[in-house]
Amino acid sequence: MRSKRRLNKKGKILIGAFIILIVTLITITFLKKNFIEHELIETKNYTLKVDYPQIDNKELNEKIIKYMQKQKEQFLMSIKNQDLINNEKYDFQATYSKDEMDKITGIHITIYSYIGGSHYVRDYKSYYYDNKTQEEITIRKILKDDKSLNKLSGLSYYFITEYSNENQLNFNEDFIKSGISPKLENFSHFSLTGKGLELLFPPYQVASYNNGEIKITIPYKELKEVLKQEYIKVKDNEDSKIIIAESRNLELFKGKKLIAFTFDDGPSLGPTNKLLDNLDKYNARVTFFTLGSRVKEYQDTLIRAYKMGNQIGSHTYNHLNLTKLDDYNALLEIKKTNDTIKGVLGVEPNLIRPPYGNINSVIKEASNMYTILWNIDTEDWKYRDANRVADEIVKNAHDGAIVLMHDIYTTSVDGAIMAMERLEKKDMPLLQ
Ligand code: ZN
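Residues numbered from 1 in each chain as written. Predicted model: local features only at pLDDT ≥ 70, side-chain atom pairs only at ≥ 80, totals over all residues. Heavy atoms only, no water.

K.L.:
So what's going on with the overall build of the protein chain? Residues and values would help.
P.N.:
When helices and strands are tallied, the protein chain shows twelve helices and 16 strands. With the principal axes as the frame, the protein chain shows a C-alpha extent of 90 × 65 × 50 Å. The buried share of the protein chain, taken over its 432 residues, is 50%. Across the protein chain, the fraction of contacts at a sequence separation of at least 24, relative to all contacts at a separation of at least 6, is 68%. (Helix = DSSP H or I, 4+ residues; strand = E, 2+ residues; numbered from the N terminus. Buried < 20%, exposed > 50% of the residue type's maximum accessible area, 1.4 Å probe, protein only. Contact = heavy atoms within 4.5 Å.)

K.L.:
Explain the side chain of Ser191 residue by residue, including any values.
P.N.:
Checked against the element boundaries, Ser191 lands in strand 7 (residues 190-192). By relative accessible area, Ser191 is classed as buried at 3%. Among the polar contacts made by the side chain of Ser191, one reaches the side chain of Asp99 at a distance of 2.5 Å. (Polar contact = N/O pair within 3.5 Å; in protein donor to acceptor, adjacent residues only side chain to side chain.)

K.L.:
Could you give me a rundown of the coordination of the zinc ion, with the residues and numbers involved?
P.N.:
Bound to the zinc ion are the protein donor atoms Asp265 (OD), His315 (NE2) and His319 (NE2), situated 2.1 to 2.2 Å from the metal. For the zinc ion, all donor residues lie on one chain, and their spacing in sequence is D-x49-H-x3-H. Here Asp265 is found in the loop between strand 10 (259-264) and helix 5 (270-279), whereas its partner His319 is found in the loop between strand 12 (311-314) and helix 8 (327-345), with 54 residues between them in sequence. Look at Asp265 and you get buried, because its relative accessible area is 3%. His319 gets classed as buried once you look at its relative accessible area, which sits at 5%. (Donors = N, O, S within 2.8 Å, 3.2 Å for Na, K, Ca; no water.)

K.L.:
Before we move on, can you summarise the pattern of salt bridges with the specific residues and values?
P.N.:
Under the criterion given, the structure shown has 22 salt bridges. Between Lys177 and Glu173 there is a salt bridge, with its nearest N and O atoms 3.5 Å apart. Of the two residues, Lys177 and Glu173 are both situated in helix 4 (residues 173-179); the distance of four residues between them amounts to about one turn of the helix. Judged by its relative accessible area of 41%, Lys177 falls in the partly exposed class. As a salt-bridge pair, Asp280 and Arg285 come within 3.0 Å of each other at their nearest N and O atoms. Classification of Arg285 by relative accessible area gives buried; the value is 3%. Bridged by salt links that share partners, the residues Glu246, Asp280 and Arg285 form one connected network. (Salt bridge = Lys/Arg side-chain N within 4 Å of Asp/Glu carboxyl O.)

Set out below in structure tokens:
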């Protein structure tokens, strides 16, 4: 009897272990198949927003996600059991931007976390891979020879000093020198643009935190001894790009009730294009408050939206709470976005929707843009339910209403289209 009971126990343990194994395997397969693109969590204590990259290079993609998740776990650990100070919510914002160059692709990760104190903590990481071989690379790959790094260091010193002088920032000479010393890791954030080699130095690398990140562009003509020949562009017309938007006869809408559909956090490939596909059917145009960090990767979608006559506004670069940044960095978030959009469309936006609707009078004044908030919040990101989005809109629709949605979720776009269908029957046209 005794031995039988023991066997039973053993059997139970075995079955238990087997179940755990199966559950783990199912979870792994599930996670692999249904890989999350966006994560958004709002609790009493914190906001967490992560945009995970979706690049073709699977191996590197996984590596980057692992890195982002590690940072996320660290954030969650550090605020665990912490009470709020002065009612300031903790915050974690991780975004990436994809930088497609001729021969290489760069993925730039920026993570901002607010775990108390006076400002966000920033973390920058860039990854690169060769477009042909898919192999992960560093700046070493594009440098010409052994002496290139020293030359790059010297050029960087020159251009940072020039930047400091032009903006009357009085950077400390030794601070710059230590940040640009000839080590590969000092030049780990680069981009080959139409104008030259763009280098980004995170806060604290070449100047104090308050000066924010420093970006310089070294023209190709200075780089003959620095870059391999194949990475030097001879001529480029990237500057002269201006895209003409379709204009609409607004007379047609005179005297009618109007409602504005606005979409934040995009552009995206699937959802944004699905929305664009459906607008003509309802003779509608909408407003996109785009994130600067996503503009380059989805520039074709942005151009399409703009050409159709939709309005393009700014939702800042990294989706940070502007009131938690010092004014310089808050304005930098706005300026970077405007520059990026101008680079793609040829025009700068004049509308801004600050993330979370948070902005102060100083930033508002200095930005010289119209701040646009909303009066119908569909909470689409929370429920991810198209019917609910449509119901919220139709229920609350009124002349002059501004509806808040996000064009990174298919459910939001589907809900918006359903609402258009139903509102049209009520004779309420849509106008940006
Ligand atoms: Zn947003």
